Every structure is written in C-alpha cells, then in structure tokens.
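Coordinate inspection notes
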Amino acid sequence: MSGLRILVCVKRVPAPGAQITLTPDARAVDARNLAFTTSPHEECAVEAALQLVEAHGGDITVLTVGPPEAEEQLRFSVSVGVQHAVLVSNDEMAAGDDPDPQATARTIADTVRTLEAEGDPFDVLLFGNESADSGGFQVGVRVARMLGIPIVNGIKGIDLADGVLTARREGDAGFEVYRMALPAAVGVKEGINLPRYPTLPGRLRSKKAEVRSIASTTEPGGLTMVRFATPTVELSETVLLGAGASAAAAVVDLLGELGLA
Amino acid sequence: MSGVPFVVIDHDRGVVGDDTRQALAFARACFPELPIAAVVIGGEQPEPIAGADSTFHIRHAALDDYAPEAWGDALHELAVAQSPSAIVATGTERGNEVLAHVAAIADQPFAANVIEAAPGDPPGTPWRIRRLRWGGSLLEDARLDATLPILSCALHVFPNVLPNAAPDRDREARPGAAVVEFVPNLGPDAGRTRIVDRVQVAEGITLTTAPVVVSGGRGVGSEEGFAAIEALAELLGAAVGCSRVVTNQGWRPHADQVGQTGKRVAPDLYIACGISGAIQHWVGMQAAKNVLAINTDPDAPMVTKADYAVIGDLHEIVPAIVDEIRRRRG
Ligand SMILES: Cc1cc2nc3c(=O)[nH]c(=O)nc-3n(C[C@H](O)[C@H](O)[C@H](O)COP(=O)(O)OP(=O)(O)OC[C@H]3O[C@@H](n4cnc5c(N)ncnc54)[C@H](O)[C@@H]3O)c2cc1C
C-alpha cells in the first residue's frame, strides 16, 4: 500500500461569545459580527488525519458541505497540512440554509463516490462526532451506512497497524476498544489530540491552493427546521464579595455558609 | 406505522443506566394513551423493564457486548416486525449512536436531543418537536416528517422517575408481563464494530462528581499558574476544571475541560477564575448550584451571571483564599 487515502468531513460554524443573537426571522444565528470556525470535533479529526499520514504516509482530502464561504475553513485545513479541498454547495446553502442531516449525508456519500471513481478508494473517513451548531449525531453514521463501511462514534484515540484501525472511546470507568479493518470510518471527539496551528509557509500555500467546487443536487430529508429560540435563563442578582485579596475572608465565610470549608 | 412505541434501553452488559428512564418518561409524554415497549438489545434475558408496559429482548451472539452496527441492525429488524409508532432513546452516546444507525438503515429522519415533542395528529402527519442545538444554548423548533419517527430526548430534561403505566383500557401488556424474546437474523457484517477490549482508568476525585469545582481560564495565564488553583482545590476536596482556551494552550489536559465539547458538571459550588463565561463554557456548568466568579472585569458575563463575585486579579485573590482557609484551620 502506497500510503493512506483519508477523507475528513468538516463543518463551518459561527463562533458566538457570551450570547447567541438570532436574525429577525429567527431562522438563523445573526452572524454579522461573528467569526467562523471549524466545528471543534472536526478540527481534531483533521489533526488525527495529519498524524495518521505522518505515521503511515498518504494524503488527505478535506470536504465540506456548506455555503461558498466555507472555503475559509477548507483553506485553514490546507494551511495545517491537508493536500486536497472540496466544497460542495448549492443556492440554498449559499443563502444560509443548513441542509438537514439526511441531505448532508447523501451529498457526502455521492461526493465520495465521485472522488473514488476518479482515483483510489478512501481508506479512512473521519467525521466529527456531532456538529457544534446543529448537533444531529448522525451524518457520519449515515454516510458509512450508504457506503457500506464500518463506523464507530465518540472516538478519543486512533491507532493503525496492518490495515486494522483500533479506536478508543471513553466509557464510565475507562476506555472501550474497537477494531475495524480498513476501509473504516470514525466519529472523532475533541480531546483526541491538540490540533496544530498553521505555519507561515502553510498559510501561504493555503492561499494558492485549489479548492474544488461541486454542486449539490440532493433532495431534502424529513427533519425541517422551522425557527430558533433562545432559552430563558433565570439569573439571580450577583452578590459582590469584594475586590482584590481583601475579599478572601468573605469568600471563606461563604464557603462556611455553604458547608464546604 | 401504528404499533406500540419503542424505548431503547441503554445498558452495559446488562447493567441498565439510570438515564434510560428519561426516555420512558419522554415516550409516556409523547403517547399518554399508548402502552410502551422497552427494548433490551443483547445480553442475558433481562427482568421486565419497570415503567414500560412490555419488554422485548433481542437475543443474538453478536449482541453480547455493545456493538453499534449490530445493535442498530437488530433494532431495525424488530421494528420491521412490529411497526412501532416511534423509536425513542435517551440522548446518551450509545442512545444517539444506535438511533442514528436505525435511521440510516431505514432512511428515516432522526431528531436528536429533543426536549418537547407532539406526534402528528392525525397519525402519519409530521411531528412538531423542539430540540437543543449548540449543546443546549439554542432551541430549534422543527418538523419531523417520517413514516418511522426516531427521536432521542436530551439528557436530564425528563425525570428519572418511573412514569405511570398507560391507562388500562389501552393496555396490550401488563407491567411485569413476560419478556418477549426476538431473535434477529443479522448479516455477516454485524459483528465488525464491537467492543473487543476495555481499559480501566483509576480516577480520584472526578470532575463530574466533585461537590466543588475550581476552574481556571485564560486569565490564569500559564500551566504554572494553576498551582494556586490546585492548592485551593485540594483544601476543598474539589476537582480542577478549565476552559477550552486553557486546553488549547496545553496548560491542562482536555479531560479537565468544562463546556459544550468538554464535561458537564453540576457541583454545589463552581469557582470560575479568569473565565469570561462564553455560552459554550456556560452550558457545561450552568447546573452548578452556586457560582463564584473571580475576574478582573466586572462586566464579564461570568461575573454578571454568577451568584457571587470577587473583582480583581486571581493571582492575588486565589492565594489569599488559600491562606485564609489555612489560617482558620490553624
Ligand atoms: C463550537 C465551540 C465549542 C466550544 N466549546 C467550549 C467548551 O467546551 N468549553 C469552553 O470553556 N469553551 C468552549 N468554547 C470556547 C468559548 O467560546 C470561549 O472561547 C472560551 O470559553 C473562553 O475561555 P476563557 O473564558 O478562559 O477565555 P477568555 O474569554 O479570554 O476570558 C478570560 C477572562 O479572564 C479574565 N482575566 C484575565 N486576566 C485575569 C486575571 N489576572 N485575574 C482574573 N481574571 C482575569 C478576563 O477578564 C476574561 O473575562 C467553544 C467554542 C466554540 C466555537
């Protein structure tokens, strides 16, 4: 085998701070003043792919289904060392509509078939366990089922030897171990590794990298977003215990009142 | 589909998780008039599941230990045989995973982490549901249009207490009725993802069970800066937590991270040192009974949302608290 061929599927999400603000029609997060990022579990999936290729050779394709702006997240992946980038989009996504999980999965599976028809099959497919924004917990499983390959979710450790992928998942009192023959898919969780930062040459390379665009033609599935709402949070008045080191006595009094010190 | 709704029981080698009862309560809320069937996948023959009107046990050698694909295949086979009006589970890691597999096999939509659900009326029309996004920071109202509705309920929204059985007139099975065994066919691929080994990790005070959590954020400034936080934690029998900035900097391991992509904690007291209070952090500790914020910025969201606050430099305040506790203990 001349190295691994790895696909990583990532999602672009806004990075809200202390509060989520909605658009007036409540059908989207108001992102006018927000930065965007790669959903954290997928950021770690990219790092996991880089580490696999460092150990075993091969190359990595990063794929996103989303608006044209998601090119930013693809280029970020290139800047940390990914070789190929693919953006799958359509007019609805360009207008800000998030496809439902069934549609996303069909789109990814179709794209995988297209990419595999042009070259070698993928050995490893990596997904985030769930996207940070919609949290559907299913796209990776659906894609793996459509392609007929095994998948395990919730993975916080990956090893590869002799064509067998060993995956570890956090359980109640330790780790559960799974083993899959390649090709295999994994739903990765943050904590599996510490994603690297881009290098300067990496940044320059990513600016010039080619991002391949593919049009999505998938029909919607059966889960349709109607509107968003922000949960009501009951807040009590904050009791100020003081300022600086002199507040220590008041803090320890409080610990005593709460029966904790 | 019109049969008895299924509740998938989350268990590990026969030990039923407490959280699974939340799905029984959720199913009862969705279907007050219908009997509810608990489905136990794999393992030895279980006792009838209390709170359900009947219990199915799916028995097969490939299901002895947790095996996500095989569990999904087996559950799907039972659903084909029984035509349940819905399949629900609690949104645990396994619950969501097994439901995702069933949904993928049946090519049906799956709504995860639901907090309210109204089945289509009349049956067969779309459900109206409300579910959590952003780890609970945002609610989504959605329509679920499915021939086989598949839903997980968000953790800790529905009670762990046993729901009342369905009204007698609709009852098809009595509580305590015999467990009905189902033996699936399962294809040759069924065993390819399963637990092949377990690694025990010894833990002292765990973040998720500690009565007090002392947590540090960017304001701590360095790995060494956590020494004072650790000293305070030790005096209080507390666990140390941190924000994502801290794990990204490599100052603490990810196992200490609190928040949307870290751990959920619910201590009696959460002491947030130099943490701004971003929603992704807040969802991880909002269940704390009391929050004490230590922060230089009186307008930081963590300060305005906290029950108690001390304004100032944590590098002075935390050691002063440590000294004061030691002084009083003599
Ligand atoms: C999808 C997604 C998921 C995320 N998941 C998580 C998660 O699980 N957990 C998490 O924590 N974050 C998460 N985040 C990141 C989150 O949005 C914030 O960036 C992060 O929580 C900020 O960490 P912080 O409060 O330590 O840092 P900052 O926001 O930089 O706040 C530092 C605070 O320290 C105070 N400070 C500075 N110096 C001192 C001093 N000497 N003494 C006292 N106070 C001081 C400042 O006033 C400020 O309030 C996630 C983000 C995204 C987009």
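One can find the structure itself at the top, above this paragraph.
The residue numbers shown here count from 1 along each chain, following its written sequence. As a convention, the first chain written is A and the first ligand written is 1, with the rest following in written order. In view of the model being predicted, local features appear only for residues whose pLDDT reaches at least 70, and side-chain atom pairs are presented and counted only at 80 or more, with totals across whole chains, interfaces and linings using the full set of residues. Side-chain descriptors were evaluated using all non-hydrogen atoms of the structure, hydrogens and water having been removed beforehand.

1. With respect to the overall build of chain A
Our working rule: Only DSSP runs of H or I covering at least 4 residues are called helices, and only runs of E covering at least 2 are called strands; the numbering of each starts at the N terminus. Note on exposure labels: buried denotes an accessible area under 20% of the residue type's maximum, exposed denotes more than 50%, and partly exposed covers the range between, all computed with a 1.4 Å probe on protein chains only. Only the protein chains shown count as cover for residues, with accessible areas throughout obtained via the Shrake-Rupley method and a probe of 1.4 Å.
When helices and strands are tallied, chain A shows seven helices and 13 strands. Judged by the C-alpha coordinates and their principal axes, chain A covers about 70 × 45 × 40 Å. For chain A, buried positions account for 53% of its 261 residues. In the structure as shown, chain A presents an accessible area of about 11,400 Å², 51% of it carried by carbon and sulfur atoms.

2. Some details on the site of the ligand
Residue and element names in this part refer to chain B. Inclusion rule: We call a residue near a molecule or strand whenever a single non-hydrogen atom of that residue lies within 4 Å of it. Polar contact is the term for a pair of N or O atoms within 3.5 Å; when the atoms are in protein, one must be able to donate a hydrogen and the other to accept it, and sequence-neighboring residues count only if both atoms are side-chain atoms. In this classification, the charged set is Asp, Glu, Lys and Arg, the nonpolar set is Ala, Val, Leu, Ile, Met, Phe, Trp, Tyr, Cys and Pro, and all remaining amino acids, among them Gly, are polar.
With respect to spatial proximity, 29 residues lie near the ligand, and among them Arg218, Ser243, Ser276, Gln280 and Asn295 are the closest. Ser243 places a polar side-chain atom, nitrogen or oxygen, 2.6 Å from an oxygen atom of the ligand. Separating a nitrogen atom of the ligand from a backbone N or O atom of Leu314 is a distance of 2.9 Å. Protein chains bury 83% of the 990 Å² of accessible surface belonging to the ligand in isolation. Looking at the shell around the ligand residue by residue, the class counts come to nine nonpolar, 16 polar and four charged.

3. Topic: the side chain of Ser85 of chain B
Within the element layout of this structure, Ser85 of chain B appears in the loop between helix H2 (68-82) and strand S6 (87-90). Engagement of the side chain of Ser85 of chain B in a polar contact is seen with the backbone oxygen of Gly3 of chain B, the distance being 2.7 Å.

4. Brief notes about the pattern of salt bridges
For the record, the criterion: Here, a salt bridge means any side-chain nitrogen of Lys or Arg that lies within 4 Å of a carboxyl oxygen of Asp or Glu.
Within this structure, the stated rule accounts for 39 salt bridges over all chains. For the salt bridge of Glu93 of chain B with Arg169 of chain A, the shortest nitrogen-to-oxygen distance reads 3.7 Å. Of this pair, Glu93 of chain B sits in helix H3 (residues 93-106) while Arg169 of chain A sits in strand S8 (residues 164-170), placing the two residues on different chains. A residue is classified by how much of its surface remains accessible, and Glu93 of chain B, at 27% relative accessible area, is partly exposed. The exposure class of Arg169 of chain A is buried, given its relative accessible area of 1%. Residue Arg131 of chain B is joined to Glu140 of chain B by a salt bridge in which the shortest nitrogen-to-oxygen separation is 2.8 Å. Among the residues examined, Glu140 of chain B registers a relative accessible area of 4% and is labelled buried. What emerges from the salt-bridge pattern is a single network uniting Arg169, Glu176 and Lys189 of chain A together with Asp12, Arg13, Asp65, Glu93, Arg94, Glu97 and Arg198 of chain B.

5. With respect to the pairing of strand S15 (residues 269-273) of chain B
Residues and elements named next belong to chain B. Our working definition: Note: two strands are recorded as paired if DSSP finds a minimum of 2 bridges between them. Classification remark: right-handed applies to a crossover when, strands pointing away from the viewer, the course from the first strand over the helix to the second runs clockwise.
With five of five residues buried, S15 lies mostly within the body of the structure. Neither face of S15 is exposed, since Leu269, Ile271 and Cys273 on one face and Tyr270 and Ala272 on the opposite face are all buried. Relative to S15, strand S13 (residues 212-216) runs parallel, the two being bridged by five bridges. The partner of Gly216 across the bridge, within S15, is Cys273. For the segment spanning S15, helix H6 (residues 279-285) and strand S16 (residues 290-295), crossover handedness is right-handed.

6. Some points on helix H7 (residues 248-257) of chain A
Condition: By arc we mean the arc of the directions from the helix axis to the C-beta atoms, nothing more. In what follows, residue pairs with any heavy atoms lying within 4.5 Å of each other are defined as contacts.
Along H7 of chain A, the residues that are buried comprise Ala248, Val251, Val252, Leu254 and Leu255 of chain A. Buried residues of H7 of chain A fall within an arc of 155° about the axis and therefore sit on the same side. Buried residues in H7 of chain A make contact with strand S13 (239-243) of chain A together with helix H4 (226-236), S15, S16, strand S17 (308-311) and helix H8 (314-329) of chain B. Among the residues trailing H7 of chain A, Gly259 of chain A stands out with phi positive, at a value near 75°.

7. Concerning the interface of chain A and chain B
Put simply, the rule is: The term buried area denotes the loss of accessible surface (1.4 Å probe radius) that occurs when two parts are joined, taken as the sum for both partners.
The interface of chain A with chain B comprises 82 residues on the first partner and 86 residues on the second. When chain A packs against chain B, close to 6,900 Å² is buried across both sides, 57% of that on carbon and sulfur atoms. Remark: the boundary between chain A and chain B carries 11 salt bridges. A salt bridge links Glu190 of chain A to Arg244 of chain B; the shortest N-O distance between them is 2.7 Å.

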